[in-house]
Amino acid sequence: MFPQFTARMKRFGLRLLTKPRLDLPLLLALFVLAIVGLCNLYSAGGDNVSLVTGQAARFVLGGVLLLVISRIPPPVLRSWTPWLYLGSTALLVVVAILGEGRGAYRWLDLGVMRFQPSELLKLTMPMMVAWYLHPRQLPPGWKDIAVVGLLIAVPAGLIAEQPDLGTALLVAGAGAFALFLSGMAWWRIGLLGGAVGAVIPVAWQFLHEYQRNRVRTLLDPESDPLGKGWHIIQSKIAVGSGGTFGKGWQHGSQSRLEFLPEHTTDFAFAVFSEEFGLVGVILIMLLYAFIIGRCLWIAMNARDTYSRLLAGAIGMSFFVYVAVNGGMVAGILPVVGVPMPLLSYGGTSAVSLLTGFGVLMSIHANRKLHD
Amino acid sequence: MKRRRASIKESRGEVALFRRRALAGFALILLGLCAVCVRYVYLQVLHHEEFVARSDQNRVKPRAIPPARGLIYDRNGVLLADNVPAFRLEVTPEQVGDMDDMLGKLGAVVPLSDDDIATFRKQVKQGRRFEGIPLRLKLTEDEIGRFAVNRWRFPGVDVVPYLTRRYPLGPSMAHVIGYVSRIDTDDLDRMDDDEEAGYKGTTHIGRIGIERYYEKLLHGAPGYELVEVNADGRTQAVLDTTPPTPGKNIYLSIDVRLQKAAEQAMAGRAGAAIAIDPRNGQVLAFVSVPDFDPNLFVNGISSADYKALTTAPDKPLYNRALRGVYPPGSTVKPFLALGGLTLGIRRPSDTVLSTGEFCIPGQSRCYRDDKRGGDGTVNMIRAIELSTNTYFYRLALDMGIDRLASWMGSLGFGKKTGIDLVGEVEGILPSREWKMGRSKAGWYPGETIIAGIGQGYWAVTPLQLAHATATFAGHGIPYTPHLLLDTQDGVDSPRVPQAFPPSGPSVVRKQADWNAVNEGMEAVINSGKGTGKKLGIGFPYLIAGKSGTAERFSRKTDAYDNNKNTAYLATRHRALFIAYTPADDPKIAVAVVLEAGAWGAADSGPIARKILDQWVVDEGGPRPAEPPPGPVATADADPADSADEPAAPSSAGEPPQDDGEDQ
């Protein structure tokens, strides 16, 4: 039993190395992005090497996960999906109970490392929606839309309660994209969108005071230059003073003189914009667009509905990161704590992103052999 | 069925639908990314000049001003924890060329220990290169002078003022106040964002004791100042200041005079002494011996000092008053007697014949009195006075372990008292449930019998003993022991007193019950025949008390111990004494525990008396005359378990186990 198992693991490891069935263009794009991220982090962190090596270690961990998951065929992933979804949602409930009366509480301490269960949902959420829609008649009717809505609302609500609005947005977005890709009729989307718009004034009542303050500050950041608006003002100055070609690597005075808060995490992209200018921004945006496009291309060639919806939703939710963080840094969206993918310092986000790409690689490896 | 259809339904139509959707989605995403880019064009091209100007003028930034930590006083306003200005050396790594070279040269000007350099290097790795990092704390004036002369040689090195904590009384209050020490990364990890913001610019945090328990009160909130910096990030001028909110000052219920008297009376013998006001639970003295100098910890203890403290055999960091557990011995007898009265098992006049040996009816096992031949016929008052084991063996047996445990629990044994310090332990109150939790063996009647004299599984903290004594002295009304007396917003503000409500209803059912036990405890000291005779001589009020001598190890033989050498006995016994005064209207209750003492009355009794003497002085009376020299008592209620008794449990038999630090 045991020798057999080790032999199997050995073969599995060997195949991982010798025949990685990966999509090279996507892998290359991610690699470039990771390198840019590390260089930017070195500058943003004030030439702090340990920050960079820490982040690199997470990339390596994420890369290994990517490799491993790329070997799991989508049908296996599909059969695990409901359990993964229920498990990650249960962990959210555990965090909610543990965090009772402790302010912002998102972490589960595993002794060796801490992780946020909400990160898991970024992947298990689109998996679950795809799993649910896979055997149904598409495009979905109101009943299926309602079920999917519930599947999205429960974990997203729990995350928003933590309170972590940014992650809640990402998780809900990933589920919604799967629904969108399943072909939900445009008129239904319009109707639902209108209904959500009507609910916003009600939702405002349920937002935490600090979240409301963030929105208020967004509308008029200069009103509170010492407190809430400081981030936005300084970030805009950093971006704007970068100009077309930027101040050059390691010459961003805004972050190096510490005018810019959180310049290694949420506002890492402001450092990048300051040092590499509009040219750098556009190049990075093109790189992001390429990654998203490649994901959708992989989705289009996927073997079954589950794989298609999942790959498409993962690719499209990548856009939410980029747009929300890019908008936040440029002062047009509220500061909700969404990182710039692979550019911002932060362990769980990098690892969970790369895990998602592992799923994409697996879908790519098991693609439809052409018509 | 549905699944089957699903696999067939893989129609071209669905694939085509997905493709249309994916393309539409991608188009929307490109649109979104373009919108973001347009915003960047707006900022970086159209308004570039404006932002460049603002960036160049961006010389003003906010800097946190740490709040001054609240001061700590005793009840009479004696300063126990103070903030004193000090200077530290700070290094900005970015401005230092060759770090090793600089440290070498600087070491010749200002002495740097290996610890300083190791801590500094660790922080350099974790910090940002343009932030100042402390290298040496608490520079002497001489060092500041020498550095000032040589300053031009060390770019990037500055002398920075800060406030540091000082504990003027040093070791005396160490186990109460605890200490603050440098905030480390673990502390920051524990905090959420808002808390962390509250510690911007603060270098120290309460680590143990009052400093830790009342961290929130003492800390305060930081302020901000807008400072103008030059291109290198150096401060040029301060433009605007939002002052910090200093932490609250706090007044402890401790009376330093009493604390010092208790400390002196202990004369360095390991153990604890606690005094509580039975009318409100205010802790008047809280001594654990040996102690340590908390000032060592404030600015980073050297590894040599730390090693000395943690490896010392008598464990000075160990808070015996709060965390040490000891068998209470005969000090439980008055509480048991009160239980007998309250539960209606005994009347004060009921008598028992003490013959020197008590045997469980129908069994061959016997338990000894401490006096050969016994005390004869004794009632409750005589039994307390003479500490007659047989009386309490029988009472415990009649009461049964369940009622005994529940009654003693109502006096606070076996649970935390709830004092405002961190790390209190529960001790062990022997009960059926407790024993079930640790072994499969059932409860034996013999275990009930020795529980009646405070031996066997019993383990109490000195604080629990003091709390139970105070509860009894206060006519049975329990008050949670409390150290915080008043808070104060600033030196000139009025003191805001804390409320001290009782924590429950009185445990005494009738005044007559209380009077009977009180009479027995008065007799212990004042009858001339009690175990604590002479302890009351020369004292202006009537003292009531009870001695206890507990065995650390169980006896190997049945024989009376003929070795009366006190030094030898001290290695085998723990000496305890509880007392309160004035007996008719108690205002102070005391518990003294010595880890190694021959007899409770002879060793711990005089310590209790000295504390009470000081109390009389503090109340405005003349210092009472010393009791006459000579032995206080010949023998105490020497615990007597016969040889075939199950071995005393580890908790009672071993010195307290602790890793030394009270965290």
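### Some details on the overall build of chain A
The secondary structure content of chain A amounts to 14 helices and 2 strands. A buried classification covers 50% of the 371 residues belonging to chain A. Pairs at least 24 apart in sequence give 73% of the contacts found in chain A among residues at least 6 apart.

### Some thoughts on the overall build of chain B
When helices and strands are counted, chain B shows 25 helices and 23 strands. Counting only residues that meet the buried cut, chain B has 46% of its 663 residues in that class. Contacts in chain B between residues far apart in sequence, at least 24 positions, make up 76% of those at least 6 positions apart.

### A word on the environment of Ile-363 of chain A
All names here are of chain A. As for its placement among the helices and strands, Ile-363 is situated in helix H14 (residues 347-365). Linking Ile-363 and Asp-23, residues 340 residues apart in sequence, is a C-alpha distance of 9.9 Å. Residue contacts for Ile-363: discarding those within four places in its chain leaves Pro-74, Ile-298, Ala-302, Ser-307, Leu-310 and Ala-311.

### Digging into unusual backbone geometry
The phi angle of most residues is negative, glycine excepted, and most peptide bonds adopt the trans form. Leu-138 of chain A connects to Pro-139 of chain A through a cis peptide bond whose omega is 0°. Of note, Pro-139 of chain A is situated in the loop between helix H5 (117-133) and helix H6 (142-161). Of note, the amide linkage connecting Thr-581 of chain B to Pro-582 of chain B takes the cis form, showing an omega dihedral of -20°. In this structure, Lys-315 of chain B is a non-glycine residue whose phi angle is positive, near 50°. The exposure class assigned to Lys-315 of chain B is buried, which follows from the 23 C-beta atoms found within 10 Å.

### Brief notes about helix H4 (residues 74-98) of chain A
Taking 1.5 Å as the rise per residue, H4 of chain A with 25 residues should run 36 Å; its terminal C-alpha atoms sit 34 Å apart, in good agreement. Bending of H4 of chain A peaks at approximately 45° at the position of Trp-80 of chain A, with proline Pro-82 of chain A no more than four residues after it.

### A word on the packing of helix H7 (residues 165-181) of chain A against helix H13 (residues 305-329) of chain A
Residue and element names in this part refer to chain A. At a minimum axis separation of 8 Å, H7 and H13 run at an interaxial angle of 140°. Classified by the angle their axes make, H7 and H13 are oblique. Considering the relative orientation of H7 and H13, their crossing is right-handed. Each of Gly-166, Leu-169, Leu-170, Gly-173, Ala-174, Phe-177, Ala-178 and Leu-181 in H7 lies in contact with H13, whose residues at this interface are Leu-309, Gly-312, Ala-313, Met-316, Ser-317, Val-320, Tyr-321 and Val-324. Class assignment for the residues of the contact of H7 with H13 results in 12 nonpolar, 4 polar and no charged.

### Things to note about the nonpolar core
One finds Ile-274, Ala-285, Val-590 and Ile-611 of chain B to be the most contacted residues of the largest nonpolar core, which totals 130 residues. The element best represented in this core is helix H18 (residues 389-410) of chain B, accounting for 10 residues. Composition of this core by domain shows at least three residues from each of domain 1 (62-252) and domain 2 (256-293 + 321-653) of chain B. For Ile-274 of chain B, the residues in contact, after removing those within four places along its chain, are Val-283, Ala-285, Phe-286, Ala-321, Pro-462, Leu-463, Ala-466 and Ala-591 of chain B. Core analysis: the next-biggest nonpolar cluster, separate from the first, contains 113 residues, Leu-66, Leu-151, Ala-238 and Ile-314 of chain A among them.

### Here's the deal with the sheet that holds strand E13 (residues 271-276) of chain B
All names here are of chain B. Strand order in the open sheet made by the 5 strands is E14-E13-E23-E22-E21, with antiparallel pairing throughout. Whereas interior strands pair on both sides, the edge strands pair on one side only; in this sheet they are strand E14 (283-289) and strand E21 (544-551). Put simply, the sheet's adjacent strands are angled 5° from each other on average, direction ignored. Of the strand pairs in this sheet, strand E22 (residues 573-581) and strand E23 (residues 588-594) are connected by 7 bridges, and their pairing is antiparallel. The residue of E23 that forms the bridge with Leu-576 is Val-593. Each of E13, E14, E21, E22 and E23 touches helix H24 (residues 600-618); the most contacted strand, E22, lies at about 35° to it.

About the thresholds
Residues numbered from 1 in each chain as written. Chains lettered and ligands numbered in written order. Predicted model: local features only at pLDDT ≥ 70, side-chain atom pairs only at ≥ 80, totals over all residues. Helix = DSSP H or I, 4+ residues; strand = E, 2+ residues; numbered from the N terminus. Buried ≥ 20, exposed ≤ 12 C-beta atoms within 10 Å, placed from the backbone. Contact = placed C-beta atoms within 7 Å. Expected span 1.5 Å × (residues − 1). Bend = angle between axes of the 7 residues up to and from the residue. Axes fitted to C-alpha atoms, helices over the stretch in contact; angles between N-to-C directions. Parallel < 35°, antiparallel > 145°, perpendicular 65-115°, else oblique. Left-handed = near helix turned anticlockwise from the far one by under 90°. Nonpolar A, V, L, I, M, F, W, Y, C, P; charged D, E, K, R; others polar. Core = buried A, V, L, I, M, F, W, Y, C linked by C-beta atoms within 7 Å. Domains from an automatic or database assignment. Pairing = 2+ DSSP bridges.

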